[in-house]
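Commentary on secondary and tertiary structure
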Amino acid sequence: MSEPQPLPSPTVSMSTSAVGLSGYCVHASSAETASTADDWREQVDSLDAPRAGYFRIKSVVDRMITAVLTVIALPVMLLVAAAILVLDGRPVFYRQIRMGKHGREFWIWKFRTMRPDAESSTGAVWSSTSDPRITPLGRWLRCSHLDELPQFFNILAGDMNLVGPRPCLLYT
């Protein structure tokens, strides 16, 4: 088994190539960087201007679809939460700060798939497929992607889109 690797250093500025048309971070490790956060926001706003109507409609449609999917998935979510509670104990959810549109920070929610003390001795590190910190139930939840279901609430809150790039991690 390989040892978990430490996370990369935090990035202070964003690359213009790292920003998609919707303003979400796609990849934060580009060599080109915007000189200030204000420059980055201006670049994103100029990209969004011609498509503002599209993104407004997309957001409404994403929320409507997600509301229906949440109602359908709620029984599964309750079963998963009960299974985590019985097999692995509390907490049931894992939350992490991410960066959304225009650099806005928000909490992303997932079902917990690792031991509660997984980051206590090492801090935040990338996990691997054979990571010993992942619980047996957590391994199954990750394979089935059921650990991602609580993100429906992020979509309903307007923090994320149903389809789009994954929000960037913030390293503190």
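Summary of the structure given here. What you see is a predicted model; the values in this text were computed from it and never measured.

When you go through the protein chain residue by residue, the secondary structure sums to four helices and three strands. For the protein chain, long-range pairs separated by at least 24 residues make up 62% of all intrachain contacts whose partners lie at least 6 apart in sequence. By element, 63% of the accessible surface of the protein chain is carried by carbon and sulfur atoms, the whole surface being about 10400 Å².

On to helix 3 (residues 136-144), then. Taken as a whole, helix 3 has its buried residues at Leu 137, Gly 138 and Leu 141. For helix 3, the arc enclosing every buried residue in end-on projection is 100°, short of the 170-degree limit, so these residues lie on one face. Turned more than 90 degrees away from the buried face of helix 3 sit Pro 136 and Cys 143, all of them exposed. Of the surrounding elements, those touching the buried residues of helix 3 are helix 2 (52-87). One or two positions beyond helix 3, positive phi appears at His 145, with a value near 65°.

This next bit is on the pairing of strand 1 (residues 93-99). The pairing of strand 1 with strand 2 (residues 105-111) spans seven bridges and is classified as antiparallel. Pairing of Tyr 94 across the sheet is with Lys 110, part of strand 2. As consecutive antiparallel partners, strand 1 and strand 2 are separated by five residues, and within that stretch His 102 has a phi angle of approximately 60°, a positive value. Alignment of strand 1 against strand 3 (residues 168-169), held across two bridges, turns out to be antiparallel. Across the sheet, residue Arg 98 finds its bridge partner in strand 3, namely Leu 169.

The next thing to look at is the pattern of salt bridges. Opposite charge on two side chains permits pairing when their charged atoms draw close. By the definition in use, this model includes five salt bridges. Measuring nitrogen to oxygen at the nearest pair gives 2.9 Å for the salt bridge that ties Asp 159 to Arg 104. Of this pair, Asp 159 sits in the loop between helix 4 (151-156) and strand 3 while Arg 104 is found in the loop between strand 1 and strand 2, placing the two residues 55 residues apart along the sequence. Judged by relative accessible area, which is 11%, Asp 159 ranks as buried. For Arg 104, a relative accessible area of 42% corresponds to the partly exposed category.

Attention shifts here to the sheet that holds strand 2. What the three strands build is an open sheet, ordered 2-1-3; its pairing is antiparallel. The open sheet has two edge strands with one neighbour each: strand 2 and strand 3.

Attention now moves to the environment of Ala 83. When you line up the elements, Ala 83 lands in helix 2. Classification of Ala 83 by relative accessible area gives partly exposed; the value is 25%. Placed 54 residues apart in sequence, Ala 83 and Leu 137 show a C-alpha to C-alpha distance of 8.1 Å. Setting aside its immediate chain neighbours within four residues, Ala 83 contacts Asp 88 and Leu 137.

Scoring rules and cut-offs
- Residues numbered from 1 in each chain as written.
- Predicted model: local features only at pLDDT ≥ 70, side-chain atom pairs only at ≥ 80, totals over all residues.
- Heavy atoms only, no water.
- Helix = DSSP H or I, 4+ residues; strand = E, 2+ residues; numbered from the N terminus.
- Contact = heavy atoms within 4.5 Å.
- Areas by Shrake-Rupley, 256 points an atom, 1.4 Å probe, with all protein chains shown as cover.
- Buried < 20%, exposed > 50% of the residue type's maximum accessible area, 1.4 Å probe, protein only.
- Arc of directions from axis to C-beta.
- Pairing = 2+ DSSP bridges.
- Salt bridge = Lys/Arg side-chain N within 4 Å of Asp/Glu carboxyl O.

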